[in-house]
Amino acid sequence: MNNEIDATASKDMAANTNYNNVFDVCIVGAGPAGLATLSALHSPYSLEGGTMTESQKERALKYLKLLPKKSICVVDQAAGWMESWQTNFDTLSIEYLRSPALAHPDMFDPNALLSYAVRHGREEELLESGCGDMKKLFALGQSQIGLWKLPSTRLFVDFCLDLAKSLSHCFIGETLVTEINHLNDIRGKKERFRLALSNGMNIYATAVVLAVGAAGHPIVPTCIQRCPRVHHWTSLSTFTKRKEGINCPVMVVGGGLTAVQVALKQLNIAEKATSDSIGLGPQVILVSKRPLVEKHFDINVEWFDLRKANKCISDFYHHPMGKRSQALKEARRGGSVPPMYMMQLVQAEQDGRLLCLVGDIESDAYKTSNSPTTRVRVHHRASPKRNVDKPHHLNDTFNAVSLLQVKEIIVACGVHPDCKKPRSLTAMVHSKWPIQVESGLPCVTQDLRWKEGLDLFVVGSLGSLNIGPDAGNLMGIRRAAQIVANALGSRSWLRGSVLANPFEALEWSSDDDSIQSDEEADDYRVYKELLDVPSSTDDTDVESFSDSSTLTASGLVRLAPHASAPHH
């Protein structure tokens with residue numbers, strides 16, 4: 001069977017396992033999703049939402065001393081936390097995140113990033129982008145204390161590194177997971193998975209969490225696939241230096257935020273190469289198939305509103321699995337551009353450094369003879385004059401054709417997800433545990449297990465069909481990390497102790513008006529154990545209990561005859 005190995009492999013594991021590499025959980029991926037999962041697994045409870053009373057928090061702190069700590073390892077191809085994530089941000093010179101300060105990997109304190117900035121005197125690295133002033137969000141207390149400000153990239157990375165240092169784990173970097181096998185119990189131990197690493201190590205874990213992002217293929221329009229000078233934006237640094245000396249614009253293809261960031265990055269490069277770029281014509285041509293859409297976030301703001309988020313999630317879950325991929329596309333609507341980036345585009349257009357075209361690239365793009373450039377024909381809307389108030393609004397008629405000569409074409413059109421992409425980790429997992437796939441995304445269970453009964457979980461974009469359109473964003477990552485932590489029982493101890501009904505011992509049948517003295521004594525002993533209160537309950541204790549209970553003061557005094565009645 002797929003979830004077993006043969007007897008020889010079992011004996012090999014029993015004989016050669018070094019229990020220094022045996023863990024409760026192995027997280028594959030050291031980006032924000034992996035860090036949020038690590039934080040959720042180590043957070044015994046959360047301050048988010050105010051779901052626990054002060055007395056419950058006090059009891060929780062007492063029980064924490066008795067709880068066993070989970071042993072967790074993190075595996076990543078990079079040498080440290082957040083390196084791959086930071087590389088992409090550095091490639092595009094992104095100074096500020098699109099997500100607000102309330103979206104971060106600390107699963108214990110929702111205000112942690114804001115607190116970190118204040119504690120280190122870095123409040124100036126929180127940008128007021130205007131999203132907190134939106135009518136739908138302004139009423140929330142979060143916007144009043146700065147949680148809707150945008151953190152700088154440097155602040156966010158430093159916060160994440162500081163968080164990672166505070167969480168117990170074993171980090172195994174500069175290696176890849178090449179194989180995952182599911183094992184039977186060996187010698188009564190709890191090993192369930194064996195992960196083979198490219199450095200020759202074997203890791204054994206009871207549960208595995210994949211936080212690697214969705215594998216897929218970059219979207220390249222068919223009309224330019226045969227053009228020799230087409231590059232994906234992730235290889236930006238490799239070809240930019242090679243073409244610096246050519247006085248010819250770069251074409252960027254795409255209609256979302258990444259395409260805009262690539263265009264602005266290319267403008268900065270051109271400015272550094274030319275002392276006076278104004279008057280020389282556009283250095284960058286941005287071609288999008290539809291007008292750019294100006295929005296603070298890629299998805300509807302209701303997904304971020306605590307008052308409405310649960311309804312959004314519920315509506316998404318009501319779609320059958322086969323239609324959720326379409327719901328994801330409709331929610332994102334092809335991407336959007338925040339106002340602060342749109343302002344930069346408008347300024348660059350006014351300066352003549354940038355040309356924005358809305359239209360289609362025709363299929364006769366070709367290399368110019370004896371020239372290191374490419375000539376491209378674009379069928380686009382004529383007179384792309386922009387309205388100052390709504391700079392992304394253009395007319396809807398494709399009535400002009402431009403023959404453009406460019407030195408490079410940079411594609412930033414997104415990615416087609418494909419969890420069965422050859423040589424990817426998810427393809428290997430799917431070969432061992434085949435499941436339904438919709439639009440390239442795995443149909444995981446509601447608790448984000450790859451397959452029912454298998455403690456192999458996914459977080460991030462891989463869980464989009466069960467998390468929703470924000471699965472790859474920091475807010476969705478937080479929700480996914482909490483789901484996985486709950487599935488692994490990280491907070492199950494709360495139900496049996498801290499969050500248990502402290503008045504359950506006080507219940508008696510309505511037709512039993514007389515309680516025997518022995519029964520009263522037994523009930524009272526249980527009552528004291530549950531609440532962990534001193535034997536001599538004073539007036540304050542009784543009053544605090546009665547405030548959160550539907551029982552009357554006389555009912556409490558009946559079980560505790562020596563306690564004074566609360567004062568009202």
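Before reading further, recall that the structure is shown in the block above.
In this text the structure is predicted, and so the values were computed from the model without any measurement.

**A few points about the overall build of the protein**
Across its full length, the protein carries 20 helices and 21 strands. Across the 568 residues that make up the protein, the buried fraction comes to 51%. Pairs at least 24 residues apart make up 72% of the contacts formed inside the protein by residues separated by at least 6 positions. Entry remark: accessible area of the protein is about 27,800 Å², with carbon and sulfur atoms responsible for 50%.

**Re the nonpolar core**
Judged by nonpolar contacts, the single largest core of 118 residues is most densely connected at Ile27, Ile180, Leu195, Leu210 and Leu456. With residues near it in sequence (within four places) discarded, leucine 456 still touches Phe193, Val208, Leu210, Val429, Trp433, Leu448, Arg449 and Trp450. Membership of the second largest hydrophobic core comes to 15 residues, among which are Ile224, Leu357, Ile361 and Val411.

**Thoughts on helix α10 (residues 257-273)**
Here α10 is 17 residues long and its end C-alpha atoms lie 25 Å apart, about the 24 Å a rise of 1.5 Å per residue gives. What α10 keeps buried is the set Leu257, Ala259, Val260, Gln261, Val262, Ala263, Leu264, Lys265, Gln266, Leu267 and Ala270.

**Thoughts on the pairing of strand β1 (residues 22-28)**
Counted residue by residue, β1 has 5 buried out of 7 residues, so it is predominantly covered. Sheet topology note: the β1/strand β8 (residues 202-210) ladder contains 6 bridges and is parallel. Each bridged residue has a counterpart across the sheet, and for cysteine 26 the counterpart in β8 is valine 208. Inspection of the sheet shows β1 paired to strand β2 (residues 72-75) by 4 bridges, in the parallel sense. Opposite cysteine 26, over in β2, you have cysteine 73 as the bridge partner.

**Comments concerning the packing of aromatic side chains**
By the definition in use, this model includes 7 aromatic pairs. Measuring from centroid to centroid gives 5.3 Å for tryptophan 85 and phenylalanine 156, while their planes differ by 45 degrees, and the two rings are tilted. Of the two residues, tryptophan 85 is situated in helix α4 (residues 83-91) and phenylalanine 156 in helix α8 (residues 153-166); the sequence distance between them amounts to 71 residues. The pair tryptophan 85 / phenylalanine 156 is uniform in exposure class, with both members buried.

**What about the pattern of salt bridges?**
In this structure the tally under the stated criterion is 12 salt bridges. In this structure, the salt-bridge partner of arginine 98 is aspartate 298, at a minimum N-O distance of 3.1 Å. One end of the pair, arginine 98, is in the loop between α4 and α5 (112-119); the other, aspartate 298, is in the loop between β12 (284-288) and α11 (309-317), and 200 residues separate them in sequence. Note that aspartate 298 and arginine 332 form a salt bridge whose closest N and O atoms lie 3.1 Å from each other. Here aspartate 298, found in the loop between β12 and α11, pairs with arginine 332, found in helix α12 (residues 321-332); they are 34 residues apart in sequence, far enough to count as distant. Connected via shared salt-bridge partners are Arg122, Glu125, Arg154 and Asp158.

**Quick word on the packing of α5 against α8**
At their nearest, the axes of α5 and α8 sit 10 Å apart, and the two run at 105 degrees to each other. One element, α5, and the other, α8, form an angle in the roughly perpendicular class. Contacts between α5 and α8 pair Ala112, Leu113, Tyr116 and Ala117 from the former with Leu155, Phe156, Asp158, Phe159 and Asp162 from the latter. Looking at side-chain class alone, the contact of α5 with α8 contains 7 nonpolar, no polar and 2 charged residues.

**Side note on α12**
Along an α-helix, a turn takes 3.6 residues, which lines up residues three or four apart on a common side. Its 12 residues place the ends of α12 18 Å apart at the C-alpha level, agreeing with the 16 Å of an ideal helix rising 1.5 Å per residue. Every buried residue belonging to α12 is among Arg324, Ser325, Ala327 and Leu328, and all of these are buried. Summarising the axial view, the buried residues of α12 lie within an arc of 160 degrees, below the 170-degree limit, and thus occupy one face. Set apart from the buried face of α12 by more than 90 degrees, the exposed residues are Lys323 and Lys329. Looking one or two residues past α12, arginine 333 carries a phi angle of roughly 55 degrees, positive in sign.

Calculation criteria
- Residues numbered from 1 in each chain as written.
- Predicted model: local features only at pLDDT ≥ 70, side-chain atom pairs only at ≥ 80, totals over all residues.
- Heavy atoms only, no water.
- Helix = DSSP H or I, 4+ residues; strand = E, 2+ residues; numbered from the N terminus.
- Buried < 20%, exposed > 50% of the residue type's maximum accessible area, 1.4 Å probe, protein only.
- Contact = heavy atoms within 4.5 Å.
- Areas by Shrake-Rupley, 256 points an atom, 1.4 Å probe, with all protein chains shown as cover.
- Core = buried A, V, L, I, M, F, W, Y, C linked by side-chain atoms within 4.5 Å.
- Expected span 1.5 Å × (residues − 1).
- Pairing = 2+ DSSP bridges.
- Phe/Tyr/Trp six-rings, centres within 6.5 Å; stacked < 30°, edge-to-face > 60°.
- Salt bridge = Lys/Arg side-chain N within 4 Å of Asp/Glu carboxyl O.
- Axes fitted to C-alpha atoms, helices over the stretch in contact; angles between N-to-C directions.
- Parallel < 35°, antiparallel > 145°, perpendicular 65-115°, else oblique.
- Nonpolar A, V, L, I, M, F, W, Y, C, P; charged D, E, K, R; others polar.
- Arc of directions from axis to C-beta.

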